[in-house]
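Letter by letter, the chains look like this.
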Amino acid sequence: MEFFGLVALVLVVGWVLGVAGFVQARRARRDLAALRRTLAAGEAITAEADPLAAYLAERQAELAPQAPGARPSPFGPRPPPRGSVPAAGSPDPSIAPATEPEPEPTPGEMPEETPEPAMAAPPPGPKLDIEALLTQRWGVWLGAAALLLAGVFLVRYAVEEGYLGPEVRCVLATLLGVALLAAAEWLRRRPAPMLAPMLAPMLQGTLAADHAPAALAAGGAAVLFGAAYATGAMYALVPALVGFALMALAALVGIFASLRFGPVVGVVGVAAAFATPALVDTDAPSAPGLFAYLLLVTAAACVVVRFSAWAWLGWIATIAGAAWVALASTGELGREYWAPGLFVPAAAALHLLLLPRAALDQVAGRRLSWVPFLVLGLAGVWLSGEVPDFAVRLGVLLLAPLAVAKGAREPILDRLPWLAALLFLLTLLVWAMPAWQPTGELITIEGAVQAFLPGAWAPQVIQPLLFTAAAMAAFFAAAGLAMARLSQAPVRWAGLTAAVPVVALGVTYLQVAGFQPDPLWALAGAALAAGLIAAAAQAVRAGARQRAHVQVAGTHAAGAVAALCFGLAVVLHDHWITLAVALMLPALAWIAARADLAPLRRVALAVALLVLVRLLLNWYVLDYAYGATPVLNGLWLAYAVPAACFWLAARMFLRRGDDLTVAVLEAGAIAFASVFIALQIRHWNGHGAMLRDGNLLEAGLHVSALAAQAVAGLFLARRTGRRVLAVAWRIQGALALAGGVVLLVANPVWANLRVGHAALLFGYLVPALLAGAALPQAELRRLLKPLGLYALVAGFAWLSLEVRLLFHPDAWLGSAPTLDAEMWTFSGVWLGYGAALMAAGIGLKLRAVRLAALAVIAVVVAKVFLLDMSNLDGLWRVLSFLGLGLSLIALGAVFRRFVAGGRVAT
């Protein structure tokens, strides 16, 4: 069974080798495709110098193993080996072509024009030679795998026959690995002859390289690791610690051999090195020894990255190291949690210190500077949240001086301290807080509190959190102040001073006080604000006329505003908290304008979004205590003042540019104003009880208010040209129209409600009048028919419901009986409505309004002939038909006089 495990290990290694080879081939294909696109774009191809052949020769020399003693060029193309001969027909890059100066034309003589040579069409792409592919690429790797399997099968046969014991097997496996590495070195020193020029394009660049040495070296590293694993873990021929050392040595051999034989060998070495601890079974795990070994492997991988520029090796080392740190939280690696805690800053330091300066000029190099730092730091934060050990937290906090030092030395990495600050704040956020009680004592007499005896300034269980937060906040503040004077980008460093202490104070307050009002924390916020104001004043004195110093002062002032708002929020509750935050916006806009600090616009955007979520998406605002006084209540401070703050900040930011921040502030001002009006209606209708059930009057007030805001917004948007206003009035109008339709369907007759005249006024007449007033506006041409239909029906409904309410003032309108006088009144009122519409249509010269009038009169005609004839008796029936007849005759006369006569345009 042991050998089956070994076979599985070999198969896995072979799969990894195949994947790596496939990735390398894909890369070469992309390079060749890019070259072909360049040639097709207009690069000349001549018979004397073939760029395709020269490029392939360069790629072959670049990918070929280096000569002994030569060092590859990191993070850039590698030079060709010494003594290499350029391809036939390609010029020597070290020799500049001699050019003769063209003779200048004599005065009065026109220069002789020579036609430009025609560009030669690029040759068609060569067909892939499957024979060369099988022999030069796949065959080599298959041969290496066959050698490994042959060794495995030979040893297995010997074991099954009883020829070899465990000791001999391990020794033979070790000798086989050494022999494969020696064979790889021998082949490397005797490279295969250059392929024919016609064959090189067919092998797609990297296929033309000799991969036999790399294949043998990868197999040798894998066999050596397997031999070490069998010696220690499988057969227990040596103590566990010695076996661990043998596997580590075999893995390091693979890592360093990759510098001579290529990245595939490095894959085997790194995978084996980080997998070694998982393959060793011990009853007494040692976390210090394990992470010391992992630190050694990380250092080896970083050294290889430094001399080879293989970014993927840095990613593997980063992910593997972070995984081991996270695994330490289970306790299976030992109880010495300080070891993984200190591994985090040590490994991050290796990644930063061993990364060459030239790497920072490349995107991959810059990622190798901050990605390992962040990933290892997040692993440390996770461990600190799972294991309440201060040494683990110390490991994460030590990233801060490392980041500040590196950011101060390399200006391109000045964002690194912000990552360290983020990790510090996350550490505070996941800090496991034990249960604790204040140390003071209440003096009570018969249950009434008479006095309070203060105790210690803070219980001992929360002192580590407080000391850590204060010390690290002071460190970042001091680092920001110092580097703001020395750096070429002072604002970014000043942001550390302004932001980190304020956020740290807020996170610590959350952990200790749980957002409960506390004047001591408010005093801390005020003290922090005073310190930031002093820093701003110092920056102004240092260079009052220099733009950089003014920006630094503005950054500190913004932090002071945030600290003051924090102090206000600590002693306030409910909507007062949001009010305190909203008051920051005009202050931020003023500071951004005075100090010319564009980044404060993004800060204001974040604050605005926070306030919007807090007040618009918070259903608990209905539970807040706004007072019982109608209109003059707490809603002014909760919504009207934030709306004013948003509007004022938007105007101030708009003076220096229009962007997303201005749009969000304008939208927030409109939203707060709309919600303020809606909640005032709710508060007035419920007599201060915000959770009381509504009625038709409240619904009508909401619809009328939205319609009025939509009409006002339409005219304001037309005057100012602001896109946000144009969108806002459309949303408000759509909501008003939808609410009006709902009220038409759920009217008091069909819903059988008891209502008053005010409910009918605001629910039907006011929205109908506002809809009619908006009809002539050019912006509503597309909504002319639905909006006109609503206005017509809403007016008709108001008249009908008023008649119903007139005859049944205190009854349920849906169940009250219909009287004869009421039926006749309906006809008269509807005829009057139609006559009024006809008069309006004639006066305004609007044919659509006249047609609406005819529609209303047609309803009256149908009602008289279908209902009144059968339901009315006596004088009421006579009056009904008499009134209808006279009205129709009068309508005809008016139509002939004012419409058919041509006096009104149709």
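Residues numbered from 1 in each chain as written. Predicted model: local features only at pLDDT ≥ 70, side-chain atom pairs only at ≥ 80, totals over all residues. Heavy atoms only, no water.

Q: Account for a positive patch on the surface, with residues named and values stated.
A: On the surface, R723, R730, R781 and R782 cluster together into a patch of positive charge. Following the sequence through the fold, R723 ends up in helix α25 (residues 723-745). (Patch = residues over 30% accessible without salt bridge, like charges linked within 9 Å, V, L, I, M, F, W, Y side chains within 5 Å. Areas by Shrake-Rupley, 256 points an atom, 1.4 Å probe, with all protein chains shown as cover. Salt bridge = Lys/Arg side-chain N within 4 Å of Asp/Glu carboxyl O. Lys, Arg positive; Asp, Glu negative; His and termini not counted. Charge placed at Lys NZ, Arg CZ, Asp CG, Glu CD. Helix = DSSP H or I, 4+ residues; strand = E, 2+ residues; numbered from the N terminus.)

Q: Give me the pattern of salt bridges: which residues, what numbers.
A: Side-chain pairing between opposite charges can occur once the charged atoms of the two side chains come close. Counting across every chain of the model gives 10 salt bridges. The salt bridge involving D659 is made with R601; its shortest N-O contact spans 2.8 Å. Taken together, the residues span a long stretch of sequence, with D659 in the loop between α22 (635-654) and α23 (660-685) and R601 in helix α21 (residues 599-616) at a distance of 58 residues. For R722, the salt bridge identified is with D658, shortest N-O distance 3.0 Å. One end of the pair, R722, is in the loop between α24 (696-720) and α25; the other, D658, is in the loop between α22 and α23, with 64 residues separating them in the sequence. Judged by relative accessible area, which is 17%, R722 ranks as buried. (Buried < 20%, exposed > 50% of the residue type's maximum accessible area, 1.4 Å probe, protein only.)

Q: For the packing of aromatic side chains, give the residues involved together with the corresponding values.
A: Taken as a whole, this structure holds 11 aromatic pairs when the rule is applied. Both rings, one in F646 and one in F672, keep their centres 5.1 Å apart while their planes meet at 80°; by these two values the pair is edge-to-face. Taken together, the positions of F646 in helix α22 and F672 in helix α23 put the pair 26 residues apart, joining distant regions of the chain. In terms of burial, F646 and F672 fall into one category: buried. Every member of this aromatic cluster is reached through a ring pair, and the members are F796, F826, W830 and Y833. (Phe/Tyr/Trp six-rings, centres within 6.5 Å; stacked < 30°, edge-to-face > 60°.)

Q: Requested: an account of the nonpolar core, with residues and values cited.
A: Counting residues in each nonpolar core, the largest one holds 91 residues, and the members touching the most others are F291, F373, F424 and F476. Here F373 is in contact with A348, L352, L399, L402, A403, L416, L419, A420 and L423, once residues within four sequence places are set aside. Core analysis: the second largest hydrophobic core is formed by 44 residues, W729, A759, W798 and L799 among them. (Core = buried A, V, L, I, M, F, W, Y, C linked by side-chain atoms within 4.5 Å. Contact = heavy atoms within 4.5 Å.)

Q: Before we move on, could you go through the side chain of S800 and cite the residues and values that matter?
A: When you line up the elements, S800 lands in helix α28 (residues 784-807). Aside from chain neighbours lying at most four places away, what touches S800 is F826 and W830.

Q: Got a sec to walk through the confidence of the model for the protein? Specific residues and values, please.
A: Taken residue by residue, the protein gives an average pLDDT of 75. The fraction at 70 or more is 68%. Residue range residues 42-74 is modelled with pLDDT below 50. Its contacts to residues more than four positions away, or to other chains, number 58 contacts. (pLDDT = per-residue confidence, 0-100.)

Q: Tell me what's going on with unusual backbone geometry, and back it up with residues and numbers.
A: In this structure, H687 is a non-glycine residue whose phi angle is positive, near 55°. For H687, the location among the structural elements is in the loop between α23 and α24. Positive phi outside glycine occurs at N752, with the angle close to 55°. With respect to the helices and strands, the residue N752 is situated in the loop between α26 (748-751) and α27 (757-774).

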